[in-house]
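Single-letter residue listing:
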Amino acid sequence: MSTVAVDPRIRQRRVTVARDAGRRRLRRVMIGGVALVVGLVALGLTWTPALDVEQVEVGGAARTSAEAVTEAADVAPGDPLVWFDTAEAEAAVEALPWVDEATVERTWSGAVTVEVTERVAVAALATTEGTWSLADGEGRVLATVDEEPSDVARVDGVTTSAPPGAQLDDQVLEALAVAAAVPTAIRPEVAAVRGSGADLEVALRAGGVIALGGAEDAEAKLAAAAAVLASVGPDCVDRLDVALPAAPALVRVPGCV
């Protein structure tokens, strides 16, 4: 068998190319290994006490307990800080009945703060179970209580079975908007909101009524009513029509001057 002689320069070139390819493969393996080690170390650090939640602070919550807030946010001391999702926590806290807005922040020192803005109860509705539901001006059910509250107006002609945190039907939103618009100065004088559309009216505890002629411009109408009540007193009001807030029409209780 005959053999073909290979030029020594070609042989050397082949050896050099093979060695370079081997070095490149080794370099890639080493880089991949280092990246894997660094990734594993970084992942491990996220579960170390150095990056744990150290403390959780809740602010602005009066009707909602701090425990309910932290439970909804799903955060507690000792939890891994890196994996804590502040946006998800905010949404969960805002789902609590009394909570209107929540701001959740974390610092790498290990502190998590949850700042809450709560809703305000403006009215009470009778429930189908014989209790009372507190609601805000946007129709959110805030709580259920056994007795009719004395510090908010009731909404007459409506019953509900909606649990705390639920949204009430549109049919009651007009009345709730009116209840929310009652000025602070005359809230103790207001017993109930009733009717709908042009027949909406506010019943006074003294027995008179304030006719609104609709829910639009409720704040202006009730501000005008408050001015009249401050002048004549609620006991002298039989019917006060504020459909035109610039020209309220008062019918006095007989005998009042």
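Presented here is an overview of the structure given in this document. Note that the coordinates shown come from a computational prediction; the quantities given were computed from them, not determined experimentally. (Residues numbered from 1 in each chain as written. Predicted model: local features only at pLDDT ≥ 70, side-chain atom pairs only at ≥ 80, totals over all residues. Heavy atoms only, no water.)

**Side note on the state of the cysteines**
Throughout the structure, instances matching the rule amount to one disulfide. Two residues, Cys 236 and Cys 256, share a disulfide whose sulfurs are 2.3 Å apart. Looking along the S-S bond of the Cys 236-Cys 256 disulfide, the torsion reads about -80°, which is the left-handed sense. Of this pair, Cys 236 sits in the loop between α5 (218–232) and β11 (237–241) while Cys 256 sits in the segment after β12 (249–252); the two residues are 20 residues apart in sequence, bridging distant segments of the chain. (Disulfide = S-S within 2.5 Å. Helix = DSSP H or I, 4+ residues; strand = E, 2+ residues; numbered from the N terminus.)

**Some remarks on the sheet that holds strand β4 (residues 123–127)**
With mixed pairing, the nine strands of this open sheet are ordered in space as β6-β5-β4-β7-β8-β9-β10-β11-β12. Bordering the open sheet on either side are β6 (141–145) and β12, each of which pairs with just one other strand. Within this sheet the neighbouring strands show an average axis-to-axis angle of 25°, counted without direction. (Pairing = 2+ DSSP bridges. Axes fitted to C-alpha atoms, helices over the stretch in contact; angles between N-to-C directions.)

**A few points about helix α4 (residues 173–181)**
Among the residues of α4, those classed as buried are Ala 175, Leu 176, Val 178, Ala 179 and Ala 181. Elements in contact with the buried residues of α4: β4, β5 (132–135), β7 (153–160), β8 (190–194), β9 (201–204) and α5. (Buried < 20%, exposed > 50% of the residue type's maximum accessible area, 1.4 Å probe, protein only. Contact = heavy atoms within 4.5 Å.)

**Some remarks on the pattern of salt bridges**
Enumeration according to the criterion identifies eight salt bridges in this entry. When the shortest N-O distance is used, the salt bridge between Arg 119 and Asp 136 registers 2.8 Å. In this pair, Arg 119 sits in the loop between β3 (111–118) and β4 while Asp 136 sits in the loop between β5 and β6, placing the two residues 17 residues apart along the sequence. Take Arg 119 and Asp 136: they sit in the same class, and that class is buried. Between Arg 194 and Glu 201 there is a salt bridge, with its nearest N and O atoms 2.8 Å apart. Taking relative accessible area as the criterion, Glu 201 reaches 17% and is therefore assigned buried. (Salt bridge = Lys/Arg side-chain N within 4 Å of Asp/Glu carboxyl O.)

**What about the side chain of Ser 133?**
Here Ser 133 shows up in strand β5. Non-local contacts of Ser 133, meaning those with residues more than four positions away in its chain, are made with Ala 123, Ala 124, Leu 125, Thr 127, Val 141, Ala 143, Thr 144, Thr 160 and Ala 162.

**Things to note about the side chain of Arg 140**
For Arg 140, the location among the structural elements is in the loop between β5 and β6. Notably, Arg 140 is buried but unbridged: the nearest opposite-charge side chain belongs to Asp 136, and the N-O separation is 6.2 Å. One polar contact links the side chain of Arg 140 to the main-chain carbonyl oxygen of Gly 165, over a distance of 3.3 Å. If near-sequence neighbours (up to four positions away) are discounted, Arg 140 is found in contact with Glu 94, Ala 95, Leu 96, Pro 97, Val 99, Arg 119, Leu 134, Ala 135, Gly 165, Ala 166 and Gln 167. (Lys, Arg positive; Asp, Glu negative; His and termini not counted. Polar contact = N/O pair within 3.5 Å; in protein donor to acceptor, adjacent residues only side chain to side chain.)

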